[in-house]
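Overview (structure and organization)
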Amino acid sequence: MSEVEEIIKVKNFYKKFGEKVVHKGVNLSIRKGEILTLMGGSGSGKSVLLRSMIGLEKPDKGQILFHGEDVVPLDEDSLVGVRNRIAYAFQHGALFDSLTVKENLAYPLRAHTEMSEKEIHEKVMQTLAMVGLEGSEYLLPADLSGGMQKRVGVARSIIMDPEVILYDEPTTGLDPFNTRQILRIIRMLQGKGATSVLVTHDMTSLFAVSDRIAFLKDGKIIAMDTVDKIRKSTDPAVRGFIHGETD
Ligand SMILES: Nc1ncnc2c1ncn2[C@@H]1O[C@H](COP(=O)(O)OP(=O)(O)OP(=O)(O)O)[C@@H](O)[C@H]1O
Ligand SMILES: [Mg+2]
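Notes on the structure follow. (Residues numbered from 1 in each chain as written. Chains lettered and ligands numbered in written order. Predicted model: local features only at pLDDT ≥ 70, side-chain atom pairs only at ≥ 80, totals over all residues. Heavy atoms only, no water.)

1. Points about the overall build of the protein
- The secondary structure content of the protein amounts to 9 helices and 10 strands.
- For 247 residues, the compact-globule formula gives about 18 Å, and the C-alpha radius of gyration of the protein, at 18 Å, lands near that figure.
- Relative to its 247 residues, the protein shows a buried fraction of 50%.
- Residue pairs at least 24 apart in sequence account for 65% of intrachain contacts in the protein once pairs closer than 6 positions are excluded.
- Across the protein, the mean location of the 32 positive side-chain charges is 5 Å away from that of the 34 negative side-chain charges. (Helix = DSSP H or I, 4+ residues; strand = E, 2+ residues; numbered from the N terminus. Rg over C-alpha atoms; globule rule 2.2 N^0.38 Å. Buried < 20%, exposed > 50% of the residue type's maximum accessible area, 1.4 Å probe, protein only. Contact = heavy atoms within 4.5 Å. Lys, Arg positive; Asp, Glu negative; His and termini not counted. Charge placed at Lys NZ, Arg CZ, Asp CG, Glu CD.)

This is the structure:
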């Protein structure tokens, strides 16, 4: 076996909704410290797979090992610990509208740590600076542009210093400036040792930031390799994805 640690391992994952079978035996390994991008057409099950990694969905069959421990059977109480270590940046924002940026960021710290007000304030300011949003702490989400809201969402996901960050379409709908900011944050966190799993349709972002790319199609991972190898792939399905025919 290689010496690379596989921090998350999805094994034989099956999931259906009613009659619709979405995952038909997904196998996927995420290596510690890498940026892995998961691609697939709309409805192929990318978000469900990400959500399952933190127990927001349960597969019908299969395992999701985090440091070798299966998170699938864990109850809500045990999942709190997992969710402090694996952060999820939601596809659609998820900030509290009535709370300031600062209170949005302070929320997980208040809920899960014993930090003092002063420590919380410092951590919030430091994290806001990381996403390039110094000075926004007393604004409400409604006062921010979509791109800034997305960056606050990322800031809230990383404030607990997670080992793994799951990003669901972090750059979708963003202008080039905010896209670059998000990619910069993802790389900076990699520099600090974080592992990232990215779901995106944005080819430019994907090639710029990923170490490896995995393709989800017809309920399975049909290819998984380094960006370089994927670029050179002659597999028609992979080429279809790269050229934008994502369904
Ligand atoms: N709670 C649910 N109830 C019923 N069907 C669901 C539920 N969640 C997901 N699905 C279905 O499962 C399939 C996969 O959904 P998922 O959100 O994972 O797709 P996706 O790959 O993230 O798509 P997109 O690129 O559009 O975000 C879709 O057909 C979706 O309608
Ligand atoms: Mg999705």
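2. A closer look at unusual backbone geometry
- For D161, which is not a glycine, the phi torsion comes out positive at approximately 55°.
- A positive phi angle, close to 50°, is found at D218, a residue other than glycine.
- Assignment of secondary structure puts D218 in the loop between strand 9 (212-217) and strand 10 (220-226).
- Residue class for D218 comes out exposed when judged on its relative accessible area of 58%.

None of the figures reported here should be taken as evidence of function without further support.
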